[in-house]
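The lines below spell out each chain.
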Amino acid sequence: MVSAFVSMVVLSLTMLAGAPVAFAAEIGAAVPTAAPSVAGAATYARAAVTLDGEVLFRVRGIEAFPAEERAQSVSERIRVIAADASIPVESLRTADLADRTNLLAGEQLIMSVLDSDAALEGVRRQVLAEVQHKRIARAIETYRHDRIPRVLLIDTAYALGATLAFALLVFGFRRGFPRLDAVVERRFQSRIEGLQAQSHQIILAGQVWKSVRGLLQGLHVLAVLVAAYLYANFVLGLYPWTRPFAGSLLAIFIDPLRTMGTGLLGAMPGLVFVAILAIVTRYILRLMRLFFTGIEQGTIAPRSFEREWAMPTYKVVRLFIIALALVVAYPHIPGSNSEAFKGVSILIGVIFSLGSSSFIANLIAGYSVLYRRAFKVGDRIRVNDITGDVTEIRLMVTHLRTIKNEEITVPNSLIVGSHVVNYSRLARSHGLILHTTVGIGYETPWRQVEAMLQLAAERTPGLLREPVPFVLQKLLGDFAVTYELNVYCDDPHTMALLYTALHQNILDVFNEYGVQIMTPAYEADPTQAKVVSREQWYAAPARPPEPGAGTAR
């Protein structure tokens, strides 16, 4: 048993030494000092030896001479021999040595077959060498046959015929599919219109026809693509230079689909998790919307929570719920851990942060406007020099309608940064004070002026009688006294009309009592008082009111 064990060790060492020697002989390199065992050789990759794109067989390599380099070297030797017509195929032979079998073309080495190569295939070295010898000989014969001028001429004739057939086929598709479309329309138009009538307009004939025509166009494109593939595969396969590409033509189209299908199957658990999370999130949002809709409609009345806050609050809660769902779903999104996905996410974040500063400012300002309750829809407000009625409050902007029936869109960031006058907030409960001023000379008694102003207020319809109007003496100027008449109203939307009527009555009252409204800035009094006599009140084109129509103006 000891002698048998020693014999096995010696044989193994001989095989280990022979492998690198043979590899070195193939590339003309120095012999390495160590090599892996036959049993460990299975762990090394194998590479294909090819000629004109056809795989002849596969060879293994070692760490010092990888399989790809060995296969490339053998393939190049076979190609050179095949291209040299002076080397007959019959000169290919095998030569057995103690540790290898050489494949030769005359005296030119093609490759060496080792015992370790045969061990991987499970056959004897001589059998493997003979099989490879026959494959190389057959490949060289095919290589030379395909490049014979007569064969190339025949193949060119086939290619021209295939080109003509492909052109006719495409022309037939172009003429045939429109006719097919017309035939389908004649046969099924009445049925589709009847289906629309039976479904009570739920199924529209136009949409059905659009789908049918889309299907026919898809079939047209698919038929052209299939014909183009068959044509390209046939023509490219005729010539030895393009035959390798013809063999991989189908893989060019199939491999992406196979890759996508494999990736989809691998990502299926994550996609299922994301889908379930989306469904749960959707139902949670529906429940939240029902709750806040109840608050908005008044069926749910939380304490210290205004109804106007319901929908804005819902939008905030919805944003947080969606953000939380995205955080939970992110690790399960296919490709989320790839560097490309992370890079695109960072790029989108940077673009959003750089381009949305004003958007975020207006958004935050919108919530500030809603929650601080500065105004509500229907209020008349003034923002800077803009006065109008609030028609809509959105998160980004507030819409105002002026008394000229103009709609003005005001950014909420402008509202937050400006002072806002709300004419409607206290008008119902405390009354809104309208005020106007007149400048009267010092020669007119102030009691008479105040009495006339209050009389004008009494004559103006639409003003409140309680609280009573009052007059303030605002300024004792160089030439006149400035009087301010203050009156109350409860409807700020009639401000313009009330001001007009009040000014008309002030003019009438002052004309009645012969007091001129003119702030003096003069060197001497005018010779005639600047008043309008009653007879001149209704000078053309003004017309007096009808008898019994009310107080004359």
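Everything here concerns the structure above.
Residues numbered from 1 in each chain as written. Predicted model: local features only at pLDDT ≥ 70, side-chain atom pairs only at ≥ 80, totals over all residues. Heavy atoms only, no water.

Enquirer: So what exactly am I meant to see when it comes to the nonpolar core here?
Expert: When a protein is soluble and globular, its nonpolar side chains tend to lie buried together. Val-49, Leu-56, Ile-78, Ile-110, Met-111, Ile-136 and Ile-140 are the most contacted members of the largest nonpolar core, which has 28 residues in total. When contributions to this core are tallied by element, the ones reaching two or more residues are strand 1 (46–51), strand 2 (54–60), helix 3 (67–83), strand 4 (100–105), strand 5 (108–114) and helix 5 (125–146). Tallying contributions element by element places helix 5 first for this core, with 7 residues. Apart from the residues within four sequence positions on either side, Leu-56 is in contact with Val-49, Thr-50, Leu-51, Ile-78, Arg-135, Ile-136 and Ala-139. Counting residues in each nonpolar core, the second largest holds 25 residues, with Leu-434, Met-452, Leu-463 and Phe-510 among its members. (Core = buried A, V, L, I, M, F, W, Y, C linked by side-chain atoms within 4.5 Å. Buried < 20%, exposed > 50% of the residue type's maximum accessible area, 1.4 Å probe, protein only. Helix = DSSP H or I, 4+ residues; strand = E, 2+ residues; numbered from the N terminus. Contact = heavy atoms within 4.5 Å.)

Enquirer: Even after reading the chapter, I still don't get the pattern of salt bridges, so can you show me in this structure?
Expert: Think of it this way: side chains of opposite charge can pair up when their charged atoms draw near. According to the stated counting rule, one finds 10 salt bridges in the structure shown. Residue Glu-121 pairs with Arg-46 through a salt bridge whose shortest N-O separation is 2.6 Å. Placement of the pair is Glu-121 in helix 4 (residues 115–121) and Arg-46 in strand 1, with a sequence separation of 75 residues. With a closest N to O distance of 2.7 Å, Asp-115 and Arg-125 form a salt bridge. Residue Asp-115 is located in helix 4, and its partner Arg-125 is located in helix 5; the two are separated by 10 residues in the primary sequence. On the accessibility criterion, Asp-115 (25% relative accessible area) is partly exposed. (Salt bridge = Lys/Arg side-chain N within 4 Å of Asp/Glu carboxyl O.)

Enquirer: Whenever I open this one, the packing of helix 9 (residues 249–266) against helix 10 (residues 268–297) confuses me. Can you help?
Expert: Packing of helix 9 against helix 10 brings their axes to within 4 Å, and their N-to-C directions diverge by 55°. As summarised for this structure, helix 9 and helix 10 are arranged oblique, according to the angle between their axes. Within the contact between the two elements, helix 9 uses Leu-264, Leu-265 and Gly-266 and helix 10 uses Met-268, Pro-269 and Leu-271. Grouping the constituent residues of the contact of helix 9 with helix 10 by class yields 5 nonpolar, 1 polar and no charged. (Axes fitted to C-alpha atoms, helices over the stretch in contact; angles between N-to-C directions. Parallel < 35°, antiparallel > 145°, perpendicular 65-115°, else oblique. Nonpolar A, V, L, I, M, F, W, Y, C, P; charged D, E, K, R; others polar.)

Enquirer: Would you mind going over the environment of Pro-461 with me for this structure?
Expert: With respect to the helices and strands, Pro-461 occurs in the loop between helix 16 (446–459) and strand 12 (470–476). By relative accessible area, which is 49% here, Pro-461 ends up partly exposed. Expressed as a C-alpha distance, the spacing of Pro-461 and Leu-502, which sit 41 residues apart in the sequence, is 8.8 Å.

Enquirer: Would you explain the packing of helix 10 against helix 11 (residues 310–329) in this entry?
Expert: To characterise two packed helices, one gives the angle between the axes of the helices and the distance between these axes. Packing of helix 10 against helix 11 leaves a shortest axis separation of 10 Å and a crossing angle of 165°. Taken together, the axis directions place helix 10 and helix 11 in an arrangement best described as roughly antiparallel. For the element pair helix 10 and helix 11, the recorded crossing hand is right-handed. Every residue of helix 11 that contacts helix 10 at Phe-273, Val-274, Leu-277, Thr-281, Ile-284, Leu-285, Met-288, Arg-289, Phe-292, Thr-293, Ile-295 and Glu-296 is listed here: Ala-310, Met-311, Thr-313, Tyr-314, Val-317, Arg-318, Ile-321, Ile-322, Ala-325, Val-328 and Ala-329. Here the contact of helix 10 with helix 11 is built from residues that sort into 17 nonpolar, 3 polar and 3 charged. (Left-handed = near helix turned anticlockwise from the far one by under 90°.)

Enquirer: Can you help me understand a nonpolar patch on the surface in this one?
Expert: A cluster of nonpolar side chains, namely Leu-264, Leu-265, Met-268, Leu-271, Val-272, Ile-276, Val-280 and Ile-284, defines an oily patch on the protein surface of about 680 Å² accessible area. Secondary-structure elements contributing two or more residues to the nonpolar patch are helix 9 and helix 10. Take the nonpolar patch: its biggest share by element is 6 residues, from helix 10. By the element assignment, Leu-265 lies in helix 9. Residue classification places Leu-265 among the exposed residues on the basis of a relative accessible area of 64%. (Patch = residues over 30% accessible without salt bridge, like charges linked within 9 Å, V, L, I, M, F, W, Y side chains within 5 Å. Areas by Shrake-Rupley, 256 points an atom, 1.4 Å probe, with all protein chains shown as cover.)

Enquirer: Just to check I follow, could you spell out unusual backbone geometry for this structure?
Expert: Among all residues except glycine, the phi angle is most often negative; among peptide bonds, the trans geometry is most common. Following Glu-466, the chain continues to Pro-467 via a peptide bond in cis, the omega torsion being -5°. Within the secondary structure layout, Pro-467 lies in the loop between helix 16 and strand 12. Phi is positive for Asp-52, close to 55°, though the residue is something other than glycine. Relative to the helices and strands, Asp-52 is located in the loop between strand 1 and strand 2. Residue classification places Asp-52 among the partly exposed positions, given a relative accessible area of 21%. Even without a glycine there, the phi angle at Asn-405 is positive, about 60°. As for its placement among the helices and strands, Asn-405 is situated in the loop between strand 8 (397–401) and strand 9 (407–411).

Enquirer: I'm lost on the pairing of strand 7 (residues 386–393) in this one. Help?
Expert: As a general feature of sheets, a regular strand has side chains that alternate between the two faces. Pairing between strand 6 (residues 380–383) and strand 7: 4 bridges, direction antiparallel. Paired with Arg-382 across the strands is Thr-387, a residue of strand 7. Bridge analysis of strand 7 against strand 8 gives 4 bridges, and the strand direction is antiparallel. Directly across from Val-390, in strand 8, lies its bridge partner Leu-400. Where strand 7 hands over to strand 8, the hairpin turn is made up of 3 residues, counted between the paired strands. (Pairing = 2+ DSSP bridges.)

Enquirer: Honestly, the sheet that holds strand 13 (residues 480–489) in this entry has me stumped. Any pointers?
Expert: Two modes of strand pairing occur in sheets, parallel and antiparallel, and in both the strands are linked by backbone hydrogen bonds. Read from one edge of the open sheet, 3 strands run 11-13-12, paired in antiparallel fashion. Both edges of this open sheet fall to strand 11 (432–441) and strand 12, since each of them pairs with a single strand only. Adjacent strand axes in the sheet meet at a mean angle of 25°, parallel and antiparallel pairs treated alike. In this structure, strand 11 lies alongside strand 13, joined through 10 bridges in antiparallel fashion. When the bridges of strand 13 are listed, Thr-437 appears paired with Glu-484.

Enquirer: Would you explain the sheet that holds strand 7 in this entry?
Expert: One open sheet holds the 5 strands; their spatial order is 9-8-7-6-10, and the pairing between them is antiparallel. Both edges of this open sheet fall to strand 9 and strand 10 (420–422), since each of them pairs with a single strand only. Going across the sheet, the axis of each strand differs from the next one's by a mean of 40°, ignoring polarity. Judged from the 3 bridges that link them, strand 6 and strand 10 form a sheet pairing that is antiparallel. Looking at the pairing, Val-383 lines up with Val-420 of strand 10.

Enquirer: Would you mind showing me how to read the environment of Val-438 here?
Expert: Locating Val-438 in the fold gives a position in strand 11. By relative accessible area, which is 11% here, Val-438 ends up buried. Distance from Val-438 to Ile-517, taken between C-alpha atoms, is 7.0 Å for residues 79 residues apart in sequence. In this view, Val-438 contacts Leu-453, Val-481, Thr-482, Tyr-483, Ile-506 and Ile-517; residues no more than four positions away in its chain are not counted.

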